[in-house]
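What the coordinates show
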Amino acid sequence: YTAEDRLFAGYAMLDWGLAESVRVVGGARLERSEVELEATSTIGTPTRATPNYTDVLPAVSITWKLSDNQNLRFSGSQTLSRPEYRELANVQFREVLGGDNVIGNPDLRRTLVRNLDIRWEWYPNPGEVIAISGFYKYFENPIIRAVTSDNNCRFTFNNGETAENV
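Residues numbered from 1 in each chain as written. Predicted model: local features only at pLDDT ≥ 70, side-chain atom pairs only at ≥ 80, totals over all residues. Heavy atoms only, no water.

Tallying secondary structure elements over the protein chain gives 1 helix and 12 strands in all. Traced from its N-terminal end to its C-terminal end, the protein chain shows the element sequence β-β-β-β-β-α-β-β-β-β-β-β-β. Rg of the C-alpha trace for the protein chain: 22 Å, well past the compact-globule value of 15 Å for 166 residues, more than 25% over. Dimensions of the protein chain, computed from C-alpha atoms along their principal axes, come out at roughly 70 × 35 × 30 Å. Within the protein chain, the fraction of its 166 residues that count as buried is 30%. (Helix = DSSP H or I, 4+ residues; strand = E, 2+ residues; numbered from the N terminus. Rg over C-alpha atoms; globule rule 2.2 N^0.38 Å. Buried < 20%, exposed > 50% of the residue type's maximum accessible area, 1.4 Å probe, protein only.)

Glancing now at the pattern of salt bridges. Counted under the stated rule, the structure contains 17 salt bridges. Ionic contacts of the salt-bridge type, sharing partners, join the residues E4, R6, R32, E34, E36, E38 and R48 into one network. (Salt bridge = Lys/Arg side-chain N within 4 Å of Asp/Glu carboxyl O.)

What follows is about the nonpolar core. With 10 residues, the main nonpolar core is built from V35, L37, A39, A49, L88, A89, V91, V102, L108 and F157. Take this core: its biggest share by element is 3 residues, from strand β2 (residues 22–40). Each residue touching V91, except ones within four places of it in the same chain, is listed here: A39, T40, S41, V102, I103 and G104. (Core = buried A, V, L, I, M, F, W, Y, C linked by side-chain atoms within 4.5 Å. Contact = heavy atoms within 4.5 Å.)

A separate point is the pairing of strand β9 (residues 130–140). Inspection of the sheet shows strand β8 (residues 111–122) paired to β9 by 11 bridges, in the antiparallel sense. Its bridge partner being in β9, W120 is matched across the sheet by I132. Sheet analysis places β9 next to strand β12 (residues 162–165), joined by 4 bridges and oriented antiparallel. Bridge pairing links F139 to A163 in β12. (Pairing = 2+ DSSP bridges.)

Quick look at a nonpolar patch on the surface now. Taken together, the side chains of V60, I62, F74 and I118 define a hydrophobic patch exposed on the protein surface, amounting to about 290 Å² of accessible area. In this structure, F74 sits in strand β5 (residues 70–81). (Patch = residues over 30% accessible without salt bridge, like charges linked within 9 Å, V, L, I, M, F, W, Y side chains within 5 Å. Areas by Shrake-Rupley, 256 points an atom, 1.4 Å probe, with all protein chains shown as cover.)

So, on to the sheet that holds strand β10 (residues 143–147). Taken together, 4 strands build an open sheet; the order of strands is β6-β7-β11-β10 and the sheet is mixed. The open sheet has two edge strands, β6 (92–94) and β10, and neither has a second partner. Looking at each pair of strands side by side, their axes are set apart by 35° on average, direction ignored. Of the strand pairs in this sheet, strand β7 (residues 101–103) and strand β11 (residues 154–159) are connected by 2 bridges, and their pairing is parallel. (Axes fitted to C-alpha atoms, helices over the stretch in contact; angles between N-to-C directions.)

The next subject is the side chain of D55. By the secondary structure assignment, D55 is in strand β4 (residues 52–67). Judged by its relative accessible area of 8%, D55 falls in the buried class.

The values are spatial; any link to function lies outside them.
Set out below in structure tokens:
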């Protein structure tokens, strides 16, 4: 396959000291992705995939200074994951590890990921940190590997509805 991948993006950010002990950093990335992928199978059948997306990816982080050596951080953001070219190319290939036959899916959509994080940090001495963190991720249209419905022991890629990770 051959592919052309164009990505246009811009970012705006604001760093604001809400109070002496609270700092807020927020912003958004505006992104336009355009992919043109052309693939030809070993028997000469051409296929094409042209996913295009415009996304706004916001992010905010709040740091609360609990003391001179402790912070509590909260953050939220939206990110994404685009399909790989081999996942989009509607041609069969054999994986190096395992030897499975796999065929791409030109109808794949990119995955949107909403992220939430919390982190407590303690700096007992210069250069040392002890931290406890937690996170939550919500995936919209996650890309999953699936068995094809043609009973030829092949795998493909599909979009699931949603997924979560904690």
